[in-house]
Amino acid sequence: MKATAKAHTNIALIKYWGKRDEPLILPMNNSLSLTLDGFHTTTSVAFQDRLTADQFYLNNRLVEGAESRRVSIFLDLIRKEAGRTDVCAEVHSTNHVPTAAGFASSASGFAALAAAASKAIGLPVNEQELSILTRQGSGSACRSIYGGFVEWEKGTKADGSDSHAVPVAPADHWDLRVAAVVLSSDEKKVLSREGMKRTVDTSPFYPAWVQSIPDDLEAIKEGIAEKDFEKVGEIAEANCLRMHATTLAANPPFSYWHSTTLSIMQAVRQLRSDGIPAFFTIDAGPNVKVLYTPEHEDIIRNTLQNVPGVHDIKVSRPGQGVSFI
Ligand code: ADP
Ligand code: DP6
Ligand code: CO
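This structure is a prediction, so every number in the text was calculated from the model and none was measured. (Residues numbered from 1 in each chain as written. Chains lettered and ligands numbered in written order. Predicted model: local features only at pLDDT ≥ 70, side-chain atom pairs only at ≥ 80, totals over all residues. Heavy atoms only, no water.)

Peer 1: What is the right way to look at the site of ligand 2 in this model?
Peer 2: Taken together, 18 residues are adjacent to ligand 2, and Y16, K19, S138, G139 and S140 come closest. A distance of 2.7 Å separates an oxygen atom of ligand 2 from a polar side-chain atom of K19. Within the contact set of ligand 2, an oxygen atom lies 2.9 Å away from a side-chain nitrogen or oxygen of R143. Relative to its free-state accessible area of 460 Å², ligand 2 is covered by the protein chains to the extent of 95%. Looking at which element gives the most residues to the shell around ligand 2, the answer is helix α4 (residues 192-202), with three residues. (Near = heavy atom within 4 Å. Polar contact = N/O pair within 3.5 Å; in protein donor to acceptor, adjacent residues only side chain to side chain. Areas by Shrake-Rupley, 256 points an atom, 1.4 Å probe, with all protein chains shown as cover. Helix = DSSP H or I, 4+ residues; strand = E, 2+ residues; numbered from the N terminus.)

Peer 1: I tried to follow the side chain of E237 on my own but got confused; where do I start?
Peer 2: As for its position among the elements, E237 is in helix α6 (residues 229-248). Residue classification places E237 among the buried positions, given a relative accessible area of 6%. In terms of polar contacts, E237 uses its side chain to reach the side chain of R272, at 2.9 Å. Within the local environment of E237, its side chain forms a polar contact with the backbone nitrogen of F280, the two atoms lying 3.0 Å apart. Beyond its immediate stretch of four places on either side in the chain, E237 contacts V268, R272, F279 and F280. (Buried < 20%, exposed > 50% of the residue type's maximum accessible area, 1.4 Å probe, protein only. Contact = heavy atoms within 4.5 Å.)

Peer 1: What is the right way to look at the UniProt feature "domain: Mvd1 C-terminal" (unreviewed entry) in the protein in this model?
Peer 2: Per the UniProt entry, the sites bearing "domain: Mvd1 C-terminal" (unreviewed entry) are residues 181-305 in this numbering. Segment residues 181-305 splits into 61% helix and 8% strand. End C-alpha atoms: 8 Å apart. (UniProt positions renumbered as here; feature names shortened; annotations may be inferred.)

Peer 1: What exactly am I supposed to notice about the packing of aromatic side chains here?
Peer 2: By convention here, two paired aromatic rings are described through the distance between centres and the angle between planes. Counted under the stated rule, the structure contains eight aromatic pairs. An angle of 65° between the planes, with centres 4.7 Å apart, marks the rings of Y16 and W152 as edge-to-face. A residue pair is termed long-range when its members are at least 10 positions apart, and Y16 in the loop between β1 (2-14) and β2 (19-21) and W152 in strand β8 (residues 149-153) qualify at 136 residues. Just as Y16 is buried, W152 falls in that class too. Both rings, one in F254 and one in Y256, keep their centres 5.5 Å apart while their planes meet at 90°; by these two values the pair is edge-to-face. Residue classification places F254 among the buried positions, given a relative accessible area of 9%. For Y256, a relative accessible area of 6% corresponds to the buried category. Among the aromatic side chains, those forming a connected cluster through ring pairs are F149, W174, F229 and F279. When the ring centre of F324 is taken as origin, the NZ or CZ atom of K119, which lies over that ring, is 4.7 Å away. (Phe/Tyr/Trp six-rings, centres within 6.5 Å; stacked < 30°, edge-to-face > 60°. Lys NZ or Arg CZ within 6 Å of the ring centre and 35° of its normal.)

Peer 1: What is the right way to look at the pairing of β1 in this model?
Peer 2: The side chains of a regular strand alternate between the sheet's two faces. Counting buried residues in β1 gives eleven out of 13 residues, a clear majority hidden from the surface. The pairing of β1 with strand β14 (residues 323-324) spans two bridges and is classified as antiparallel. Bridge pairing in β14 links A5 to F324. (Pairing = 2+ DSSP bridges.)

Peer 1: What am I meant to see in the packing of helix α5 (residues 206-226) against α6 here?
Peer 2: Between two packed helices, both the angle of their axes relative to each other and the distance between the axes serve to describe the pair. Closest axis-to-axis distance for the α5/α6 pair is 9 Å, and the angle between their directions is 165°. Looking at the two axes, α5 sits roughly antiparallel to α6. The crossing of α5 and α6 is left-handed. Taking contact as the criterion, the partners of Y206, W209, S212, I213, D216, A219, I220, E222, G223, I224 and E226 in α5 are, on α6, K231, V232, I235, A236, N239, R242, M243 and T246. Of the residues contributing to the contact of α5 with α6, the split by class is ten nonpolar, four polar and five charged. (Axes fitted to C-alpha atoms, helices over the stretch in contact; angles between N-to-C directions. Parallel < 35°, antiparallel > 145°, perpendicular 65-115°, else oblique. Left-handed = near helix turned anticlockwise from the far one by under 90°. Nonpolar A, V, L, I, M, F, W, Y, C, P; charged D, E, K, R; others polar.)

So, in structure tokens, the structure goes:
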């Protein structure tokens, strides 16, 4: 009753921001992401009769408190589904991505956990079922089941049985680059879960966000199919700015940005003025992801490295979906 799985993070080009059902993690809007080969989580799950409680080790340290409870509550879903509510698990996870810093550790983390735990307990591991299950650990994680460009269909059913990811285009469809510009790997003050809830509950800009999604989604899917880089980049950047705008109007207001976040946004705009196509997007954290095509690698790296406050740049290509080791 042991299995190990590996999953990559993903960067949302059309963001998931807001839940219509919190326990089931059903989103208000469809979202679309690119799975990244540069960041991943590896998780081993061993269900053992001798254990009286789950044990969750993250990066070789035993974790207690909220993070550990979140894993146990997720394992409960799997135990219930498998009819094995009696058995506890030892979980060992390694994040090859900063944890809770806006690099989508919850996505690679829960996708790897869902796959390893399902296999270990003997549940079927077809991708759609796995995506539905994974969604209930962390919403963005349901997209990391697949590689390449992936859409999360919000679904319409109250039980969430039609809310899962679907592949849009495989990793080898388009040789894009995503530079993760690292300013800070500190854990964020407002976790994604809390930030989106506060926004849904209090931001007067939130309804406008939801209304803006269908047009963005249709256009970005055309752009991906046609490999129209300008179109995809422009839509992703605008969608990101709209998401972050909702947080400024929340009560109490908040922002994930640091001053260096703005400097990088400005550097990317300057690159475009100089004729280099590059676009940014930002998840729930201060760090910026810059999209570009491989021929502009050198100029983009040099430019970003020279922005004061930048600690590191990690370049990803489109990555694969979840796999077993
Ligand atoms: P991020 O931007 O990294 O996705 P979130 O606020 O969405 O940040 O989620 C961070 C939370 O995800 C952590 O506090 C922890 O509860 C959970 N998490 C991160 N990595 C793992 C992992 N490998 N296994 C299980 N849970 C994880
Ligand atoms: C800004 O999936 O981390 O990165 O479902 O509460 O676990 P929970 O939140 P999470 O939220 C991700 C928000 C985002 C946008 C995105 O990835 O689509
Ligand atoms: Co997350």
